[in-house]
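Chain by chain, the residues:
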There are 2 protein chains.
Amino acid sequence: METRELRYFVAVAEERHFGRAAERLGIAQPPLSRAIQQLERRVGARLLDRTTRGVALTEAGAVLLAEGRAALDAVDAAERRARRTHDGAGLVLVSKAGASEELLAKLLDAYAAEASAVEVDVQLCGPGQQERLLRDGRADVALLHRPFDATAGFDTEDLTTEGQAVFLPAGHPLAARGPLRMADVAQEPLPRWPLPDGSYPDGPGPRVRDTAQLRQLVSLGRAIAVLPESARHGLADDVVAVPLVDAPPVTTVIAWPAHSRSRALADLVRVAGRL
Amino acid sequence: METRELRYFVAVAEERHFGRAAERLGIAQPPLSRAIQQLERRVGARLLDRTTRGVALTEAGAVLLAEGRAALDAVDAAERRARRTHDGAGLVLVSKAGASEELLAKLLDAYAAEASAVEVDVQLCGPGQQERLLRDGRADVALLHRPFDATAGFDTEDLTTEGQAVFLPAGHPLAARGPLRMADVAQEPLPRWPLPDGSYPDGPGPRVRDTAQLRQLVSLGRAIAVLPESARHGLADDVVAVPLVDAPPVTTVIAWPAHSRSRALADLVRVAGRL
DNA sequence: CTCCGGTGATACCTCTGGGGTATGGGCGGG
DNA sequence: CCCGCCCATACCCCAGAGGTATCACCGGAG
């Protein structure tokens, strides 16, 4: 199976429409139809149910969509990592903006002190995007937070575990009370995080893309946030953090693709483990 | 990057020789040379150092070889799993021959009793091959044994942990003594297991491919074996198992590709977790 | 030093098959 | 019932993958 065929299939499966998929791929619709037919012959299975209104995935098609996305990411990763190796670029570390800031700073300092340290390119992103970056080779290593981020398919090492706290504007009624419970904040307008496809769930609450944005909204009195304790690091005094005693603990882990074997990555992980 | 290019590159990188790689690929050498040049232009990096005696990998080439193999496995997996879904085939479970036999039997029985059970195709193989089968889609789920098997990149769930024992022919001098220590068997001719590439390390000791073979050799008095305790299950009385008190414990885990989401697999894992 | 064998690269040809345009067939909605 | 939307088919073109013949280069044997 060629990656071209797989890319074509993924486009059609996602658009559920040959015309739109062809446009997205920059080709005409008829060759796309033919390519999918050829792919179906090759796989030996019908992948799409065609109707006059569009297409639907068969069971086999759904499997090929899921597995094919992973395969395309792996191919992209191979190309990107080879190119970056040639360019002499260092490691790309990805972390959620505003999360584990202190830990990240310590890690970067400690690693930079190593004799064999290479340049570390830090990339910040919103939640749920790190896994994708790690999978398609745009990043080499990530800081993830269990149980929020999926660590499936990566090698990981636990770094720290901490409780969560409620972050409130200084004047908020709950700010004066002692430690809170989940029930205390159940009625508050919690922010909405994007789903994996980039859209937001319906409902009240402001839309946020990362913790840094959220911090600003809290400071503006437009939202309250439930975040790991360490998010209080570097906070101005217009936001207060109140421990949330019955929230599940959050573990920060360092994660990397399972088959990675580079010296630089191994050093970074070793340094992280010693923090 | 097309899978064809990647396959060509992996062949040349493995053979370290354009002529042999071309033969293996079933094409002539000149188009292979051109394809690699085109790949190097596309990646933007020299991947091979050509000499008049053959080729050597550059650093970028080594990265592309490692990542490319994983990517090709992922592409193969996508195709195989889609085909098997269409054919209505059930799950393929792979386990090492002779290992965890009782656990495997219980798992298969318990799963078969589920209302929504599908057919489970059991495939037995030698050590170190399960990961490959899981990665390239020839299997859906595996029983692995930590710390012997690499579980990196898979989702896993621990099933049982057990100690190891020495398996001896009934008349062996050590068979009469009580529990043994590692030092007691250090001088014995332990069997040689194949390396990941299929070859065997140099040295004394018989070559074995799986635990079932090994059991027969022990019974014939040609070898002694260090295996998890559960390997004593179903053993004839011409072989005795003596506990090895200071051997590292072995954990049997059930493992599956991280992105697998099939109902049948989820059921099987759930059943395994309840054993 | 020369020559030979083996290695990858180049030149040039062939023809497969991927992509384009034009058009057909079939179904749902107004 | 007809129009519009959507995917499939027919047919053409040419980029590019693959083949053969040959070259250029280097190491080693004599």
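How each quantity is defined
- Residues numbered from 1 in each chain as written.
- Chains lettered and ligands numbered in written order.
- Predicted model: local features only at pLDDT ≥ 70, side-chain atom pairs only at ≥ 80, totals over all residues.
- Heavy atoms only, no water.
- Near = heavy atom within 4 Å.
- Polar contact = N/O pair within 3.5 Å; in protein donor to acceptor, adjacent residues only side chain to side chain.
- Helix = DSSP H or I, 4+ residues; strand = E, 2+ residues; numbered from the N terminus.
- Nonpolar A, V, L, I, M, F, W, Y, C, P; charged D, E, K, R; others polar.
- Contact = heavy atoms within 4.5 Å.
- Buried area = accessible area lost by both parts, 1.4 Å probe.
- Salt bridge = Lys/Arg side-chain N within 4 Å of Asp/Glu carboxyl O.
- Least-squares fit on C-alpha atoms with pLDDT ≥ 70 in both.

Trainee: Could you clarify how one ought to interpret the protein's contact with DNA strand C in this entry?
Mentor: Within the structure, DNA strand C sits among 24 residues, and A:A28, A:R34, A:Q38, B:S33 and B:R50 are positioned closest to it. Between B:G19 and DNA strand C, the recorded distance is 3.5 Å, taken from a backbone N or O atom to a phosphate oxygen. In the model, a base nitrogen of DNA strand C is placed 3.0 Å from a nitrogen or oxygen of the B:Q29 side chain. Elements that contribute at least two residues to the surface near DNA strand C include exactly α1 (3-15) and α3 (29-43) of chain A together with α2 (18-25), α3 (29-43), β1 (48-51) and β2 (54-57) of chain B. Partitioned by chemical class, the residues of the surface near DNA strand C number 8 nonpolar, 11 polar and 5 charged.

Trainee: What is the right way to read the interface of chain B and chain A from this model?
Mentor: How large an interface is tends to be reported as the accessible area lost when its parts come together. Listed by partner, the interface residues are 33 residues for chain B and 33 residues for chain A. Across the chain B to chain A interface the summed buried area is about 3000 Å²; carbon plus sulfur atoms make up 61%. When the area that chain B buries against chain A is broken down by residue, the three leading residues are B:M1, B:E67 and B:E79, summing to 19%. Connecting chain B to chain A are 2 salt bridges. The salt bridge involving B:R81 is made with A:E67; its shortest N-O contact spans 3.1 Å. For the interface between chain B and chain A, the tally reads 16 residue pairs in polar contact (both at pLDDT 80 or more). Listing elements by their share of the side of chain B that touches chain A, those giving two or more residues are α1 (3-15), α3 and α4 (59-86) of chain B. It is α4(B) that provides the largest number of residues to the side of chain B that touches chain A, a total of 18 residues. Partitioning the side of chain B that touches chain A into residue classes produces 15 nonpolar, 7 polar and 11 charged.

Trainee: Got a minute to help me understand the relation of the copies chain B and chain A in this structure?
Mentor: Superposing the two chain copies requires a rotation about an axis and a translation along that axis. Once chain B is rotated about the relating axis by 180° and shifted along it by 0.0 Å, it coincides with chain A to within an RMSD of 0.1 Å. Expressed as an axis order, the relation between the two copies is that of a two-fold axis. Closest to the rotation axis within chain B is the C-alpha of B:G153, separated from it by 1.9 Å.

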